[in-house]
Amino acid sequence: MPTPSRTPQAPPPGCVWIAEASRLTGLSVKTLYNYRHQDKGPKSFEIGRKIAYELDNVNAWVAAQRNPAPDVTAEHDSRPPEPRKLRRTSKRAHDLRELDPAAA
């Protein structure tokens, strides 16, 4: 069995390996693996045992993170504010007001 080459393989033209995608996005390699599993983050593909990202997809994803599109459904899913509850006065304060309304 031949020994594998120690020189790193260059990514396909217009693509970067996951380590370079990590540097470009500011995310860790582990986070990119997790995003890949959850179908989040930039689109990726496998070449053998390596994960590659198209440079255009990485740049587009980073740009989308800077300027996210407004979520139309979020506006309608919010609850209206709860009505404010009035403070309850103690029985003693209530009794004092009955005795001397000017003291309150």
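Above this text is the structure in question.
This write-up is about the structure you can find in this document.

About the cut-offs
Residues numbered from 1 in each chain as written. Predicted model: local features only at pLDDT ≥ 70, side-chain atom pairs only at ≥ 80, totals over all residues. Heavy atoms only, no water. Helix = DSSP H or I, 4+ residues; strand = E, 2+ residues; numbered from the N terminus. Buried < 20%, exposed > 50% of the residue type's maximum accessible area, 1.4 Å probe, protein only. Contact = heavy atoms within 4.5 Å. Areas by Shrake-Rupley, 256 points an atom, 1.4 Å probe, with all protein chains shown as cover. Pairing = 2+ DSSP bridges. Arc of directions from axis to C-beta. Phe/Tyr/Trp six-rings, centres within 6.5 Å; stacked < 30°, edge-to-face > 60°. Lys NZ or Arg CZ within 6 Å of the ring centre and 35° of its normal. Salt bridge = Lys/Arg side-chain N within 4 Å of Asp/Glu carboxyl O.

**With respect to the overall build of the protein chain**
Okay, step 1: Broken down by element type, the protein chain carries five helices and three strands.
Okay, step 2: Evaluated residue by residue, the protein chain yields a buried proportion of 15% over its 104 residues.
Okay, step 3: Put simply, 44% of the contacts in the protein chain that link residues at least 6 apart link residues at least 24 apart.
Okay, step 4: Accessible surface, the protein chain: about 9,400 Å² in total, of which carbon and sulfur atoms supply 54%.

**Thoughts on the pairing of strand E3 (residues 50-54)**
Each regular strand shows side chains that alternate between the opposite faces of the sheet.
Okay, step 1: Examined bridge by bridge, strand E1 (residues 15-17) and E3 share three bridges and lie antiparallel to one another. From the neighbouring strand, cysteine 15 faces E3, where its bridge partner is glutamate 54.
Okay, step 2: Both strand E2 (residues 44-47) and E3 contribute to a ladder of four bridges, which runs antiparallel. Directly across from serine 44, in E3, lies its bridge partner tyrosine 53.
Okay, step 3: Where E2 folds back onto E3 in an antiparallel hairpin, the turn is made up of two residues, including glycine 48, whose phi is positive at roughly 65°.

**Concerning helix H1 (residues 18-25)**
Okay, step 1: When H1 is considered as a whole, its buried residues turn out to be Ile18, Ala21, Ser22 and Thr25. End-on view of H1: buried residues confined to an arc of 105°, all on one side of the axis. Exposed positions of H1 whose direction lies more than 90 degrees from the buried face are Ala19 and Arg23.
Okay, step 2: Just downstream of H1, glycine 26 is the residue with a positive phi angle, here 85°.

**With respect to the packing of aromatic side chains**
Okay, step 1: Tallied over the full model, the rule gives one aromatic pair.
Okay, step 2: Here the aromatic rings of tyrosine 35 and tryptophan 61 are separated by 6.4 Å at their centres, their planes lie at 65°, and the arrangement is edge-to-face. Remark: tryptophan 61 occurs in helix H3 (residues 55-66) and tyrosine 35 occurs in helix H2 (residues 29-37); sequence separation between them is 26 residues.
Okay, step 3: On the basis of relative accessible area, tyrosine 35 is assigned to the partly exposed category, the value being 22%.
Okay, step 4: When the ring centre of tryptophan 17 is taken as origin, the NZ or CZ atom of lysine 50, which lies over that ring, is 4.8 Å away.

**Digging into the pattern of salt bridges**
Okay, step 1: With the rule as written, the count across this model stands at two salt bridges.
Okay, step 2: Here arginine 23 and glutamate 20 are joined by a salt bridge, their closest N and O atoms 2.6 Å apart. Taken together, the residues span about one helical turn, with arginine 23 and glutamate 20 both in helix H1 at a distance of three residues.
Okay, step 3: Accessibility expressed as a relative area gives 56% for arginine 23, which makes it exposed.
Okay, step 4: Owing to a relative accessible area of 30%, glutamate 20 belongs among the partly exposed residues under this scheme.

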